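Chain by chain, the residues:
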Amino acid sequence: VAAAMLTQLLFRLGVEQRAREVGTLLAVGFPVAAVRRRLLSEGAILAAAGATVGVVLGVGYARLMVEGLTTLWVDAVGTSDLSLHVRPASLALGWAISVTLTLAAIALTVRRLGRVPARELLTGATEPSVAKRGAIAQVTAWAATLGCALCFAYAAWVSQDPSPALFYASGALGLVAGLAWFALWLTRSDRRRRRARHALALGFAGAARRPARSMLS
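Because the structure is a prediction, the values reported are computed rather than measured.

Caption draft 1: Looking closely at the overall build of the chain. Across its full length, the chain holds 10 helices and zero strands. The order of helices and strands in the chain, counted from the N terminus, is α-α-α-α-α-α-α-α-α-α. Here the C-alpha radius of gyration of the chain, 23 Å, is well above what a compact globule of 217 residues would show, namely 17 Å. Considering only C-alpha atoms, the chain reaches an extent of 65 × 50 × 30 Å along its principal axes. Among the 217 residues that make up the chain, the fraction classed as buried is 23%. By sequence separation, contacts in the chain at least 24 residues apart represent 68% of the contacts at least 6 residues apart.

Structure (structure tokens):
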């Protein structure tokens, strides 16, 4: 999931860097569907090539790891009876998932850029001028915080034995809650951007100007 999110965000940043190009195409009369097809076709070629190289390197990396675990790091696993097992179906599935995630990332980004007027795209803007209220972030933040607290309370006072499932659940919910609160803070900071009067407030306002990039960081 982490790799999928990173891939999606990196391709999103790549498409956003071409906002002026998208704005130019829209300004001279290209329909949004044509621009979307153009970027998707370019992304499909790049994703297919990258996924193919990734599959080959992935098999090589796995072979190298198994070789290390049976020689240099044999004490870590306690046996040298390990061998590499590669199934073509698994490789094909990984290849297909990588390409699909990449195309979905590009499609979502182009769809959002299509809602921004061409005049704003020509200036490099990639977000609509209307500020979002952050309702989804607020609901997610409270729900994840409550779920994390309940898991922690159950593990601390109710459960007799340590539960790995509760440990990972509380950690995941805590992560989601932190990201949601941060997203909500970015939304509120963006509304106060014009009222910044000192350097620290200006820095916070800069983080709120590009919420997606701040969330990636």
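Caption draft 2: Inspection of a nonpolar patch on the surface at higher detail. The grouping of Tyr 61, Met 65, Leu 72 and Trp 73 at the surface amounts to a nonpolar patch, some 480 Å² of accessible area in total. Topologically, Leu 72 is positioned in the loop between α3 (32-69) and α4 (74-77). For Leu 72, a relative accessible area of 71% puts it in the exposed group.

Caption draft 3: Fine view of helix α1 (residues 2-16). Compared with an ideal rise of 1.5 Å per residue, which puts 15 residues at 21 Å, α1 spans 21 Å between its outermost C-alpha atoms and is within 8% of the ideal. Within the span of α1, buried status applies to Leu 9, Arg 12, Leu 13, Val 15 and Glu 16. With its buried residues spanning 160 degrees around the axis, α1 presents them on a single face.

Caption draft 4: Up close: the nonpolar core. By size, the foremost hydrophobic cluster in this structure holds 12 residues: Val 15, Ala 19, Val 22, Leu 25, Leu 26, Val 35, Leu 39, Ile 106, Val 110, Leu 113, Val 116 and Leu 121. Contributing elements (two or more residues each) for this core: α2 (19-27), α3 and α5 (88-113). The leading source of residues in this core is α2, at four residues. Once you skip the residues sitting within four places of it in the chain, Leu 25 turns out to touch Phe 30, Val 35 and Arg 38.

Caption draft 5: Quick look at the packing of α3 against α5. Closest axis-to-axis distance for the α3/α5 pair is 9 Å, and the angle between their directions is 150 degrees. Between α3 and α5, the angle is such that the two are roughly antiparallel. Handedness of the α3/α5 crossing: right-handed. Facing α3, whose interface residues are Arg 36, Leu 39, Leu 40, Gly 43, Ala 44, Ala 47, Ala 48, Ala 51, Thr 52, Val 55 and Val 59, α5 presents Leu 91, Trp 95, Ser 98, Val 99, Thr 102, Leu 103, Ile 106, Ala 107, Val 110 and Arg 111. Its residues placed into classes, the contact of α3 with α5 shows 15 nonpolar, four polar and two charged.

Caption draft 6: Examining the packing of aromatic side chains more closely. Throughout the structure, instances matching the rule amount to three aromatic pairs. When the centroid spacing of 5.1 Å and the interplanar angle of 80 degrees are considered together, the rings of Trp 142 and Trp 181 count as edge-to-face. Taken together, the residues span a long stretch of sequence, with Trp 142 in helix α7 (residues 135-158) and Trp 181 in helix α8 (residues 164-191) at a distance of 39 residues. Judged by relative accessible area, which is 54%, Trp 142 ranks as exposed. Taking 6.0 Å as the distance between ring centres and 15 degrees as the angle between the ring planes, the aromatic pair formed by Phe 182 and Trp 185 counts as stacked. You can see Phe 182 and its partner Trp 185 sitting in helix α8, three residues apart, about one turn around the helix. Look at Phe 182 and you get partly exposed, because its relative accessible area is 29%.

Caption draft 7: Highlighting the packing of α1 against α5. Following both chains from N to C, one finds α1 and α5 inclined at 40 degrees, their axes separated by 9 Å at the closest point. Taken together, α1 and α5 sit at an angle that is classed as oblique. Crossing hand, α1 versus α5: right-handed. Here Ala 4, Thr 7, Gln 8, Phe 11, Arg 12, Val 15 and Glu 16 of α1 lie close against α5, whose contacting residues are Leu 101, Thr 102, Ala 105, Ile 106, Thr 109, Val 110, Arg 112 and Leu 113. Residues that form the contact of α1 with α5 fall into these classes: eight nonpolar, four polar and three charged.

Conventions adopted
- Residues numbered from 1 in each chain as written.
- Predicted model: local features only at pLDDT ≥ 70, side-chain atom pairs only at ≥ 80, totals over all residues.
- Heavy atoms only, no water.
- Helix = DSSP H or I, 4+ residues; strand = E, 2+ residues; numbered from the N terminus.
- Rg over C-alpha atoms; globule rule 2.2 N^0.38 Å.
- Buried < 20%, exposed > 50% of the residue type's maximum accessible area, 1.4 Å probe, protein only.
- Contact = heavy atoms within 4.5 Å.
- Patch = residues over 30% accessible without salt bridge, like charges linked within 9 Å, V, L, I, M, F, W, Y side chains within 5 Å.
- Areas by Shrake-Rupley, 256 points an atom, 1.4 Å probe, with all protein chains shown as cover.
- Salt bridge = Lys/Arg side-chain N within 4 Å of Asp/Glu carboxyl O.
- Expected span 1.5 Å × (residues − 1).
- Arc of directions from axis to C-beta.
- Core = buried A, V, L, I, M, F, W, Y, C linked by side-chain atoms within 4.5 Å.
- Axes fitted to C-alpha atoms, helices over the stretch in contact; angles between N-to-C directions.
- Parallel < 35°, antiparallel > 145°, perpendicular 65-115°, else oblique.
- Left-handed = near helix turned anticlockwise from the far one by under 90°.
- Nonpolar A, V, L, I, M, F, W, Y, C, P; charged D, E, K, R; others polar.
- Phe/Tyr/Trp six-rings, centres within 6.5 Å; stacked < 30°, edge-to-face > 60°.

Scope: geometric values only; no functional claims are made or implied.
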